Amino acid sequence: MSETEYDVIVAGYGPVGETCANLLGYYGIKALILDKEKNTYPLPRAITWDAECQRAMSHCEFLSEVKTRKIRGVDNKDANKKSIMKITMEGFDTYNYQHRILFIHQPQFDEAHRENAKKYPTNTIKTGSELLAVDEVNGIINCTYKNVDTDEKFTVKSKYLLACDGANSTVRKLNGIKLNSLDADESWMVVDGYTKSSFECFAEIDAIQYCNPARPTTIIQGVENCFRFEIAYMPGDTIEEIQKEKVFRKYIDEWIGDNEVEFSRTAVYSFHAAAAEKWSIGNIFLLGDAAHQMPPFMGQGMNSGCRDAENLLWKINGVLKGLYPPKILASYESERKPHVARITRAAIKMGNVINAKNKFKALIRNTALRIQGYIKGNENIFPILNGNRLGKGIHKMPKIKNVSLERYYFNEINVRLHDGRILSTDRVLEKSFGIIINDLQGSKKLSDKYLKILNDHQFKIINVSNDYQQSNYNNYISCEETHNDMQIFCDKYECDGVILRPDKYVYDLLTFNKSDSLETIIDKVLNNLKEKIDFN
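Along each chain, numbering runs from 1 in the same order as the chain's sequence is written. Two thresholds apply to this predicted model, a pLDDT of at least 70 for residue-level local features and 80 or more for giving and counting side-chain atom pairs, whereas whole-chain, interface and lining totals are computed over all residues. Excluded from the side-chain calculation are hydrogens and water; included are all heavy atoms of the structure.

Caption draft 1: Molecular detail of the pattern of salt bridges. Salt bridges, as used here, are contacts in which a Lys or Arg side-chain nitrogen is within 4 Å of a carboxyl oxygen on Asp or Glu. Counting across every chain of the model gives 38 salt bridges. In this structure, Asp206 engages Arg69 in a salt bridge whose closest nitrogen and oxygen atoms are separated by 2.7 Å. Of this pair, Asp206 sits in the loop between strand S13 (186–195) and strand S14 (207–210) while Arg69 sits in strand S4 (residues 69–70), placing them 137 residues apart in sequence. On the basis of relative accessible area, Arg69 is assigned to the partly exposed category, the value being 26%. The salt bridge partner of Arg336 is Asp308, with a shortest N-O separation of 2.8 Å. Taken together, the positions of Arg336 in helix H8 (residues 330–354) and Asp308 in helix H7 (residues 301–320) put the pair 28 residues apart, joining distant regions of the chain. The buried category is assigned to Arg336, whose relative accessible area is 1%. For every residue, the accessible area obtained with a 1.4 Å probe (protein chains only) is divided by the maximum for its type, and the residue is called buried under 20%, exposed over 50%, and partly exposed between those limits. With relative accessibility at 0%, the residue Asp308 sits in the buried group. Strands are runs of DSSP state E lasting at least 2 residues, helices are runs of H or I lasting at least 4, and numbering of each runs from the N terminus.

Caption draft 2: Geometry of the packing of aromatic side chains. Here is the rule: rings of Phe, Tyr and Trp (six-membered ring for Trp) pair when centre to centre is within 6.5 Å. Planes less than 30 degrees apart are stacked, more than 60 are edge-to-face, and the remainder are tilted. Applying the stated rule across the entire model yields 22 aromatic pairs. Note on Phe199 and Phe227: the rings are 5.4 Å apart at their centroids and 40° apart in plane angle, and the pair reads as tilted. Note that Phe199 is positioned in the loop between S13 and S14 and Phe227 in strand S16 (residues 226–232), a separation of 28 residues in sequence. Assessed through its relative accessible area of 2%, Phe199 is described here as buried. Since its relative accessible area comes to 2%, Phe227 is described here as buried. Both rings, one in Phe227 and one in Phe229, keep their centres 5.7 Å apart while their planes meet at 70°; by these two values the pair is edge-to-face. Neither residue differs from the other here; Phe227 and Phe229 are each classed as buried. Through successive ring pairs, a cluster of aromatic residues spans Phe199, Phe202, Phe227, Phe229, Phe248 and Phe263.

Caption draft 3: Highlighting the sheet that holds strand S27 (residues 497–500). Spatial ordering of the open sheet is given by S23-S22-S26-S25-S24-S27-S28, a layout of seven strands whose pairing is mixed. Here the strands that pair on one side only, and so sit at the sheet edges, are strand S23 (422–424) and strand S28 (506–510). On average, each strand axis in the sheet is inclined to that of its neighbour by 30°, with strand direction left out of account. Inspection of the sheet shows strand S22 (residues 414–417) paired to S23 by three bridges, in the antiparallel sense. When the bridges of S23 are listed, Asn414 appears paired with Ser424. Any two residues having at least one pair of non-hydrogen atoms within 4.5 Å are treated as being in contact. Throughout, an axis means a line fitted to C-alpha atoms (over the contacting stretch in the case of helices), and angles, computed between N-to-C directions, take values from 0 to 180 degrees. Across the sheet, helix H13 (residues 518–529) lies against strand S24 (434–438), strand S25 (460–464), strand S26 (476–481), S27 and S28, angled at about 140° from S28, the strand it touches most. When DSSP finds two or more bridges between a pair of strands, those strands are recorded as paired.

Printed below as a string of structure tokens:
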């Protein structure tokens with residue numbers, strides 16, 4: 001392969017491109033980030049960020065914190081404002097760790113991500129730069145872009161290109177990749193603004209889907225008293241008329257009450273569900289809306305794009321550092337595509353709850369959901385809190401119905417080190433392969449046979465035990481739990497430990513005898529991993 005100026009080019013600098021820029025900086029990968037726009041979009045669009053995506057970024061140690069607020073729940077109400085399905089984020093109290101979904105204010109989210117991305121010397125960020133052409137010859141990406149002010153053109157080479165350039169992706173179009181509609185288009189008007197105090201309707205929850213067939217409306221109380229109304233666009237509406245305050249206030253004043261409000265934006269959107277026919281061509285990869293689009297009813301569009309970045313970049317990092325062969329990159333699409341498809345179907349289904357615009361259909365919906373809530377309860381209805389298995393790839397996870405999230409995406413556990421410090425397992429593991437084992441009591445010594453490959457991969461070994469015996473392997477960490485999450489996990493899934501990937505997805509469960517040696521366990525783990533991945 002000939003020399004390139006960059007290892008990776010990122011086309012597009014929205015939330016997914018920003019995520020890529022920070023992860024690339026963390027890994028020390030030489031990257032060029034391009035975006036046509038000079039500045040961030042000043043108004044909110046995405047408003048949710050879940051714990052998985054937040055955890056993925058935690059290693060980047062942001063200079064400014066992303067401001068968040070945990071979502072307590074969502075209530076679906078009928079035309080009479082009576083609850084038909086209340087979904088709470090509480091009640092998941094099996095573990096001390098609580099998976100969470102957070103509200104954000106996107107302009108502040110963007111600002112924090114961009115500020116942090118600048119600190120990495122391996123990042124070159126060029127906003128106001130429009131992508132014009134992309135091709136790949138013998139594994140080398142040739143990219144042409146221009147400065148939007150001067151029209152001066154530049155051509156650069158890289159090993160990989162990540163298309164984070166949105167629903168109307170230039171990269172996708174230049175490469176002739178077809179975008180298939182999932183026939184779930186809906187038009188809604190969004191009204192964003194600020195209030196000095198929380199709306200009365202949000203005493204116990206933070207979002208309401210007002211399932212009134214005459215005018216479905218979503219009401220959201222976001223971070224720092226930002227609010228959002230999503231108002232269904234109905235037959236007879238015009239884009240100009242419905243955005244007039246005297247018109248849309250008729251639909252929202254009953255929720256605002258006596259609160260003082262300031263409106264910051266109105267816009268009519270068509271919500272789409274679509275999927276690119278393929279997510280890569282050679283060394284060019286589609287991420288986020290360039291690869292998949294979904295309705296906003298679960299707040300998972302941006303989050304799915306951030307998961308794309310986390311999944312792909314630990315693999316690209318490993319290939320560039322000679323740890324894995326390039327064929328591992330094929331697992332990006334095979335793992336992520338089914339995962340996104342399940343969330344998209346769930347988002348469409350969630351949208352169908354509010355989108356019944358016929359009184360008879362609404363009556364059937366209300367009855368069905370109330371019966372479902374009576375029989376099953378509501379706590380586990382929200383799909384993103386349930387286990388969502390990756391597609392075929394670098395793991396050995398079986399398909400399990402109605403399994404909870406941590407079976408596939410592992411919890412973050414707080415542990416106490418021998419020096420008294422309390423760290424999370426995410427912090428200890430960093431972005432490396434590793435194992436967490438429960439109370440291994442046998443010999444901790446490893447032979448030279450294993451030390452080199454473990455050191456090459458910065459493979460982490462966490463032994464949750466009150467035995468602080470050390471090992472001759474530097475990345476062996478003996479620690480105690482501050483709570484009992486690991487023991488609960490092992491009891492629940494009948495195992496003694498877990499093999500984790502760099503993105504904290506579970507590769508496989510481990511079983512062993514507590515008297516086994518660490519050498520015996522590592523031999524088993526490496527042979528297990530080599531069934532799915534070539535460790536160089």
